[in-house]
Amino acid sequence: MTRSLIICEKPSVASDVAKALLGGRAKKTGDHWEGDDAIIAHAVGHLVEQVDPDAYDAKFKKWRYEDLPILPEHFKYQARDARAAKQLKALHALMKRPDVDLIVNACDAGREGELIFKLILETAPAAARKKPVKRAWFSSMTQKAIKDAFAALRDDEAMQPLEAAARARSEADWLVGMNATRAATTTAGSIRKVQSLGREQTPTLALIVNRDLAIAAFVPQDYWEVEGSFSTADGARYTGLWHEGSTTRLTEAAPAEAIAAAASGAKGTVESLETKPQVEQPPLLYDLTTLQREANSRFGFSASRTLSAAQALYDQYKLLTYPRTNSRYLSGDMAGQLKGVASGVGAAAPEYADGARYVLGLDRLPLGRVVNDAKVGDHHAIIPTEGDHDLSALGRDERRVYDMVARRFLAVFHP
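A brief report on the enclosed structure follows. (Residues numbered from 1 in each chain as written. Predicted model: local features only at pLDDT ≥ 70, side-chain atom pairs only at ≥ 80, totals over all residues. Heavy atoms only, no water.)

### A look at the overall build of the protein chain
Inference 1: For the protein chain, the count of helices and strands is 13 helices and 11 strands.
Inference 2: Scaling as 2.2 N^0.38, a compact globule of 415 residues should have a C-alpha radius of gyration of about 22 Å, whereas the protein chain reaches 29 Å, well beyond that.
Inference 3: For the protein chain, the spread of C-alpha atoms along the three principal axes comes to 95 × 65 × 35 Å.
Inference 4: Classification of the 415 residues of the protein chain by burial places 40% in the buried group.
Inference 5: A separation of at least 24 residues holds for 74% of the contacts in the protein chain among residues at least 6 apart in sequence. (Helix = DSSP H or I, 4+ residues; strand = E, 2+ residues; numbered from the N terminus. Rg over C-alpha atoms; globule rule 2.2 N^0.38 Å. Buried < 20%, exposed > 50% of the residue type's maximum accessible area, 1.4 Å probe, protein only. Contact = heavy atoms within 4.5 Å.)

Below is the structure:
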């Protein structure tokens, strides 16, 4: 009897995959589940990391500017820590089992998930590396989404560009971080006062510092504006703001007071009136940053509080797709399931019924501002999952975040 070995990125995902694929037939042995035709195991995020420069050459133990740049011909990897080493050993043992004839990468659908799996495979025994590999691609944790992904496994060859992108970023991080940090430290610091530089951390720190300097250099300046309340002959009321050219601000109080005194109680003439229709497009779907920003504005949530609620809605309740995304669009292969998502949202609570009914009644969904493969990176925008939605167990934070995402999802299909 042969089996497929399915490797997930984290324990919670492996548990959900085991329930979806094996149901009550799943037998848990240690850290993995076994069924008649599948073994389901997991990593714990990144299990391996790149080695330090001195692992390539002992001379790099001493930091010297003359030895830079350090450019490994082939990058080497090692287990991150003792826990990772134990998990890696367990996965490698499963991979080389004689009854395993196919290895399925079921890590997170994205660049990092691809690299996590490929480094597990790269560090495995030669016998395991020779076995065929397939890719399960899913970003929703519902039973249906998982089953659909395993019913349509992708060829590993199709994932090579994603793997290459992940490796390029990882290797760039090492090259920039190791070389720039040593260069700065040996020229402007000392080994006791390391000048840490990195591909991401340095420009991010520069943004923060520059903003701090701009705030510190800001000089407040008083100004005055004159606002009037008006009433027409038929009793209609409106407010108006005094302006001269394009400016409404006066730098001194006296002119503002003079304008207010001259206008107070006086009759005026409307010299021109212009009206025009205004159309507002529905806002785009949420990425994590936009969700956090709006939750802060509406409810006073911190960024971590919003993320915690969204993560629970993804991991625990299976009501939202993966929240750690920077995309506000969906991929084209999702178009067919969007009405199913709208149906689930519409049935979840009475307040969504009318909005969902409108969406379900459309012959063709307006996807121009919803679907854009070029703007979907590791993960697509945050939307509700497909299937039945039971909101009864949600806490207050989770219910608010779900409400935001559900309404936004329905809104993007409205005029």
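From this point, the narrative continues.
### Some words on the packing of helix 9 (residues 288-299) against helix 10 (residues 303-315)
Packed helices, taken two at a time, are described by the angle between their axes plus the distance between the axes.
Inference 1: Where helix 9 meets helix 10, the closest approach of the two axes is 9 Å, and the angle between their N-to-C directions is 115°. You can see that helix 9 and helix 10 cross each other, and the crossing is right-handed. Of the residues in helix 10, those in contact with Leu288, Leu291, Gln292 and Ala295 of helix 9 are Ala303, Thr306, Leu307 and Ala310.
Inference 2: Taken together, the residues of the contact of helix 9 with helix 10 break down into six nonpolar, two polar and no charged. (Axes fitted to C-alpha atoms, helices over the stretch in contact; angles between N-to-C directions. Left-handed = near helix turned anticlockwise from the far one by under 90°. Nonpolar A, V, L, I, M, F, W, Y, C, P; charged D, E, K, R; others polar.)

### Description of the pairing of strand 4 (residues 38-42)
Inference 1: Buried residues dominate strand 4, accounting for five of its five residues.
Inference 2: Alternating residues of strand 4 divide into Ala38, Ile40 and His42 and Ile39 and Ala41, and every residue in both groups is buried.
Inference 3: Where strand 1 (residues 3-8) lies against strand 4, five bridges are found, and the strand directions are parallel. Note that in strand 4 the partner of Ile7 across the bridge is Ala41.
Inference 4: Connecting strand 3 (residues 32-34) to the antiparallel partner strand 4 that follows it, the hairpin turn spans three residues. (Pairing = 2+ DSSP bridges.)

### Regarding the environment of Ser343
Inference 1: Structurally, Ser343 can be placed in helix 11 (residues 338-348).
Inference 2: For Ser343, a relative accessible area of 37% gives the class partly exposed.
Inference 3: Expressed as a C-alpha distance, the spacing of Ser343 and Leu205, which sit 138 residues apart in the sequence, is 45 Å.

### Focus: the sheet that holds strand 4
Inference 1: Across the sheet, which stays open at both edges, the seven strands sit in the order 2-3-4-1-7-8-9 with mixed pairing between neighbours. Strand pairing shows two members of the sheet lacking a second neighbour, strand 2 (27-29) and strand 9 (154-155), which therefore form its edges.
Inference 2: Contacting strand 1, strand 3 and strand 4, helix 1 (residues 11-22) runs over the sheet at an angle of about 165° to strand 4.

### Notes on the pattern of salt bridges
Inference 1: Overall, the coordinates contain 25 salt bridges when judged by the stated rule.
Inference 2: Salt-bridge contacts for Arg357 lead to Asp354; the nearest nitrogen and oxygen are separated by 2.6 Å. Of this pair, Arg357 and Asp354 both sit in helix 12 (residues 353-360), three residues apart, roughly one helical turn.
Inference 3: Since its relative accessible area comes to 53%, Arg357 is described here as exposed.
Inference 4: Each of Glu114, Lys118, Glu122, Arg135, Asp156, Glu163 and Arg167 takes part in salt bridges that share partners, so that together they form one network. (Salt bridge = Lys/Arg side-chain N within 4 Å of Asp/Glu carboxyl O.)

### What to know about a nonpolar patch on the surface
Inference 1: On the surface, Phe230, Tyr238, Val270 and Leu273 cluster together to form a nonpolar patch covering roughly 450 Å² of accessible area.
Inference 2: Residue Tyr238 is classed as partly exposed on the basis of its relative accessible area of 40%. (Patch = residues over 30% accessible without salt bridge, like charges linked within 9 Å, V, L, I, M, F, W, Y side chains within 5 Å. Areas by Shrake-Rupley, 256 points an atom, 1.4 Å probe, with all protein chains shown as cover.)

### Remarks on the pairing of strand 11 (residues 237-241)
Inference 1: Two strands pair when backbone bridges link them, and strand 10 (residues 227-231) and strand 11 are joined in this way by five bridges, in the antiparallel orientation. Note that in strand 11 the partner of Ser229 across the bridge is Thr239.
Inference 2: Counting the residues in the hairpin turn of strand 10 and strand 11 gives five residues, including Gly235, whose phi is positive at 95°.

### Observations regarding the packing of aromatic side chains
Inference 1: One pass over the structure, following the stated rule, counts eight aromatic pairs.
Inference 2: A ring pair is formed by Tyr56 and Trp174, whose centres lie 5.9 Å apart and whose planes are at 75°; its orientation type is edge-to-face. A residue pair is termed long-range when its members are at least 10 positions apart, and Tyr56 in the loop between strand 5 (48-50) and strand 6 (77-79) and Trp174 in helix 6 (residues 160-188) qualify at 118 residues.
Inference 3: When its relative accessible area of 22% is taken as the criterion, Tyr56 is described as partly exposed.
Inference 4: For Trp174, a relative accessible area of 5% gives the class buried.
Inference 5: Ring centres 6.2 Å apart and planes at 40° place the aromatic pair Phe138 and Phe150 in the tilted group. Highlighted residues: Phe138 in the loop between strand 8 (133-135) and helix 5 (143-151) and Phe150 in helix 5, separated in sequence by 12 residues. The pair Phe138 / Phe150 is uniform in exposure class, with both members buried.
Inference 6: Ring pairs connect the aromatic residues Tyr56, Phe75 and Trp174, which therefore count as one cluster.
Inference 7: The ring centre of Tyr286 lies 4.0 Å from the NZ or CZ of Arg408, which sits over that ring. (Phe/Tyr/Trp six-rings, centres within 6.5 Å; stacked < 30°, edge-to-face > 60°. Lys NZ or Arg CZ within 6 Å of the ring centre and 35° of its normal.)

### Description of the side chain of Gln311
Inference 1: Its location among the elements puts Gln311 in helix 10.
Inference 2: Under the relative-accessibility criterion, Gln311 is labelled buried at 14%.
Inference 3: Those residues in contact with Gln311 that lie beyond four places of it in its chain are Gln316, Pro323 and Arg324.

### What to know about the nonpolar core
Inference 1: Formed by 38 residues in total, the largest nonpolar core has its most connected members in Tyr352, Tyr402, Phe409 and Phe413.
Inference 2: Elements with a minimum of two residues in this core: helix 9, helix 10, helix 11, helix 12 and helix 13 (396-411).
Inference 3: Broken down by element, this core gets its largest block of residues, seven residues, from helix 13.
Inference 4: Excluding residues within four positions of it along the chain, Tyr352 makes contact with Val345, Gly346, Leu391, Arg399, Tyr402, Asp403, Ala406, Arg407 and Leu410.
Inference 5: Counting 31 residues, the second largest nonpolar core, distinct from the first, contains Ile7, Ala43, Ile70 and Ile116. (Core = buried A, V, L, I, M, F, W, Y, C linked by side-chain atoms within 4.5 Å.)

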